[in-house]
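Structural overview
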Amino acid sequence: MTSNPFFQPSELPYELPPFARIRQEHFLPAFERGMSEQLAEVAAIGADTDPPTFENTVEALERSGAVLGRVRRVFSNKGSSDTDAAFQAIEAEIAPRLAAHDDALLLDPALFARLDALHARREQLGLDEEQLRVLERHHTLRIRAGARLTPQEQGRLRELNAEIASLCTQFQQNLRADTAAAAVAVDSADELAGLPEDEIAAAAEDARARGREGFLLSLKNFSNQSQLASLADPGLRERLLAASLGRGLVSNGPVAVRLATLRAERAALLGHPSHAAWVVADGTAGTTEAVEEMFARMIGPAVANAEREGAELAEAAGVDGIRAADWQFYSERIRKERFAVDAAALRPYLELEKVLWDGVFHAAELVYGITFAERRDLAAHHPDARVFEVFEADGTPLGLYVGDFFARASKRGGAWMDSLVPQSRLLGHKPVVINNLNIARPPAGEPVLMTWSEVTTLFHEFGHALHGLFSDVRYPLLSGTRVPRDFVEFPSQVNEMWAEWPEVLARYARHHRTGEPMPSDLPARLREAEDFGVGFRVVEHLAAALLDWAWHTLPADGELPDADGAEAFERAALERYGVALPAIPPRYRTGYFAHIFAGGYAAGYYGYRWAEVLDADTVRWFGENGKTVRESGEIFRRELLGRGAGVDPMAAFRAVVGRDPDLGPLLARHGLTTTG
């Protein structure tokens, strides 16, 4: 199929994938050709009769797989952002084949022998820092993947990897279907009393888009749906939370049990006591003990804070105890009364275009000097998505940013960043990155008003995008966000600080009709109000991280749950860790915890908290280092964002802040300074 657009580099600017030409029938042929070509390239490297050198082995490996890389990145993004039944059938077919292909590359004995020989004499090769790093990384990846196992052990490993890949795809497809089916139907607008008018309009639009009458409250990925803070009807609040918490239990409970079982067996095969131990060994935490120490320091004071919040809510509501479905509603009422902050009243000041151009983009210009221009001549993967060209302060082209901001039936929930073209000086590639969000689409002609949480999410995901855009490395393996999982959230969390930075907030937080700025004292009151709910937020996130940890610290030779035992396992795990608070469900329950059962965060969800230690410390550094914002931004970009995985992540942190991280700023941020 010579017309297949994946078979040759795109001729569009920055090699943006030619989405206007890509059809569903192009994917399988491109995968087959891409895998075949890369296997041949790797076989040629291994069969080279010349002694191994960095150039004929490592650089040759870095150049391999061009066709597969192009199709794989587009396919991954489409599977998350614009899928259908036919595409999901391709996903189910290709997932185990890709897992087998990856194993073939990682376990190829001839290639490993050459890498192993280079690694043994790496200090004598005269390599620069990045060359040494990419050699060590290729070697480590193969050791961790089982390159030193016996052929029989490798055979079992390949079986495990193929089944795990298939199950992850199954989990995501089950979740997408279950989430759509669990949307809460409402007959009349009267039942939605309390919701802002634009949210009611969005619920009507959602129902119309699905061919339904009335209104539809679609579910976000997480447990506590945002509408719980506004809906006046306690029965509807209860119904909405029950729909959220019940998703995926029947379809994905057995999948989760099987995945945890297979991962435990794989970890044992690779010489680790648990999947968590295998994951953490390749992260900045280093050991499971380090992660558990962090948990231990946070759980007690976090729960105490949350219980105090709950008692205040119950007193304010005049009830003995607060139900989970009512927590956000009464929290919002206290925020209005005590801090004069109304979440619904904020929305008219948070219009998407202003937030994007005068908030997110302006902050990036303020801190890093970059500018943006929309490229309406370039098509993205979906009509909703928009393409922006990014320029350095001197006008030099830097890359492309794609924004796909709206929820739709063909898109999974949540928010994320992907690289469509990873930066690499070796391949001559400038970066093309994409952010996906799930903002409810209003009726045609109406403004897109955001919640404060959605604003923070956009700044967060754009932090990932900056990590990809600023990448300045030679080798693709080290590009952008390809850093340890417990480090990758750090730059994105730092970028959230600019949402509240006075100069930035003053530009974008303006009434969408009148242009009036948000009241000058509102940001301070907003921070106070946010601090009031910190106990809830920390506990719900910790509970999810601990649930992930429980599933993935299971030893292969220990007692594993039965296929239908996911709910009982979850309940016991939360009780064991002391976070089984009936009024605060985990941010994700097992049935819809896609991060760990369909994504790359298995045994890594702790990374959000781990990275927040670095984030809080860096935010303090930005404010106290005596430099201008622009000067500080240049340091952060040069020493950390631009280095990708080309340096040790913690060395990059120390190059910015000047020392090892301090837990104090994080504890203070969350009011956890009472820990002993």
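Details of the structure are given in the entry above.
What comes next concerns the included structure.

Rules used throughout
Residue numbers here run from 1 along each chain, matching the order of that chain's written sequence. Per-residue local features are limited, in this predicted model, to residues with pLDDT of at least 70; the limit for side-chain atom pairs, both in listing and counting, is 80 or more; totals at the level of whole chains, interfaces and linings are taken over all residues. The basis for the side-chain values is all heavy atoms of the structure; hydrogens and waters are excluded. In DSSP terms, a helix is any run of H or I states spanning at least four residues, a strand is any run of E spanning at least two, and both are numbered starting from the N terminus. Throughout, radius of gyration means the C-alpha value; the globule benchmark is 2.2 Å times the number of residues raised to the power 0.38. The classification of residues rests on relative accessible area computed with a 1.4 Å probe and restricted to protein chains. Under 20% of the type maximum is buried, over 50% is exposed, and intermediate values are partly exposed. By definition here, a salt bridge exists when the distance from a side-chain nitrogen of Lys or Arg to a carboxyl oxygen of Asp or Glu is within 4 Å. For two strands to pair, DSSP has to find at least two bridges joining them. For helices, the fitted axis covers only the stretch in contact; all axes are lines through C-alpha atoms, and the angles between them, taken along N-to-C directions, range from 0 to 180 degrees. The contact criterion used throughout is that any non-hydrogen atoms of two residues lie within 4.5 Å. Ring pairs shown here join Phe, Tyr and Trp side chains whose ring centres sit within 6.5 Å, with only the six-membered ring taken for Trp; geometry is labelled stacked below 30 degrees between planes, edge-to-face above 60, and tilted in between. Charge-over-ring placement is defined geometrically: NZ (Lys) or CZ (Arg) within 6 Å of the ring centre, and within 35 degrees of the ring normal. Within 3.5 Å is the distance limit for a polar contact, defined as a pair of N or O atoms, with the added protein rule that one can donate a hydrogen and the other accept it, and that residues adjacent in sequence qualify only through two side-chain atoms. One less than the number of residues in a helix, times 1.5 Å, gives the span that helix is expected to have.

Once that is clear, we can look at the overall build of the chain. Helix and strand counts for the chain stand at 26 helices and seven strands. Scaling as 2.2 N^0.38, a compact globule of 676 residues should have a C-alpha radius of gyration of about 26 Å, and the chain matches this with 25 Å. Counting only C-alpha atoms and orienting by the principal axes, one finds that the chain spans roughly 80 × 60 × 55 Å. Across the 676 residues in the chain, those meeting the buried criterion constitute 59%.

Inspection of every chain in the model, using the stated rule, returns 49 salt bridges. The closest approach of N and O atoms between Arg474 and Glu59, which form a salt bridge, is 3.5 Å. Here Arg474 is found in the loop between helix 16 (452–469) and helix 17 (485–495), whereas its partner Glu59 is found in helix 2 (residues 54–63), with 415 residues between them in sequence. For Glu59, a relative accessible area of 10% translates into the label buried. Residue Arg441 pairs with Asp384 through a salt bridge whose shortest N-O separation is 2.4 Å. Within this pair, whereas Arg441 is found in the loop between strand 7 (432–439) and helix 16, its partner Asp384 is found in the loop between strand 3 (371–374) and strand 4 (386–391), the two being separated by 57 residues in sequence.

What follows covers the sheet that holds strand 6 (residues 416–421). In spatial order, the strands read 3-4-5-7-6; together these five strands make up an open sheet with mixed pairing. Because the sheet does not close on itself, it has two edges, and the strands there are strand 3 and strand 6. Averaged over all adjacent pairs, the angle separating strand axes in this sheet is 30 degrees, with direction ignored. Pairing of strand 4 with strand 5 (residues 397–406) involves six bridges; the strand directions are antiparallel. Along strand 5, the bridge assignment pairs Arg386 with Gly403.

Looking now at the environment of Val367. When you line up the elements, Val367 lands in helix 15 (residues 352–368). Separated by 97 residues in the primary sequence, Val367 and His464 have C-alpha atoms spaced 15 Å apart. When residues no more than four places from it in sequence are discounted, the contact partners of Val367 are Trp498, Phe622, Val629, Arg630, Gly633 and Glu634.

Within this structure, the stated rule accounts for 38 aromatic pairs. Measuring from centroid to centroid gives 5.9 Å for Phe372 and Phe462, while their planes differ by 55 degrees, and the two rings are tilted. Of the two residues, Phe372 is situated in strand 3 and Phe462 in helix 16; the sequence distance between them amounts to 90 residues. Note that Arg441 overlies the ring of Phe406, its terminal NZ or CZ placed 4.4 Å from the centroid.

To continue, consider the side chain of Gln225. Within the fold, Gln225 resides in the loop between strand 2 (215–217) and helix 9 (234–246). Among the polar contacts made by the side chain of Gln225, one reaches the main-chain amide nitrogen of Lys220 at a distance of 2.7 Å. Excluding residues that lie within four positions of it along the chain, Gln225 makes contacts with Ser218, Leu219, Lys220, Leu240, Ser244 and Arg247.

For the rest of this paragraph, the subject is helix 16. Since there are 3.6 residues in each turn of an α-helix, residues three or four apart along the chain are aligned in direction. Taking 1.5 Å of rise per residue, 18 residues should cover 26 Å, and helix 16 covers 25 Å from first to last C-alpha, within 8% of that figure. The buried count for helix 16 comes to 15 of 18 residues, which makes it a mostly enclosed element.

Before going further, it helps to examine the pairing of strand 7. Burial within strand 7 is extensive, with eight of its eight residues counted as buried. Where burial is concerned, the two faces of strand 7 agree: the one with Val432, Ile434, Asn436 and Asn438 and the one with Val433, Asn435, Leu437 and Ile439 are both buried. With six bridges joining them, strand 5 and strand 7 adopt parallel strand pairing. In the sheet register, Phe406 faces strand 7, and the bridge partner there is Ile439. Sheet topology note: the strand 6/strand 7 ladder contains five bridges and is antiparallel. Pairing of Ser419 across the sheet is with Val433, part of strand 7.

A separate point is the pairing of strand 4. Taken across its six residues, strand 4 has six buried, putting it largely inside the fold. Because side chains alternate across strand 4, one face comprises the buried residues Arg386, Phe388 and Val390, and the other comprises Val387, Glu389 and Phe391, equally buried. In the sheet, strand 3 pairs with strand 4 via four bridges, with the strands oriented antiparallel. Across the sheet, Glu374 pairs through a bridge with Phe388, a residue of strand 4. Between strand 4 and strand 5, which pair antiparallel one after the other, the connecting turn spans five residues, and Gly395 there sits at a positive phi close to 90 degrees.

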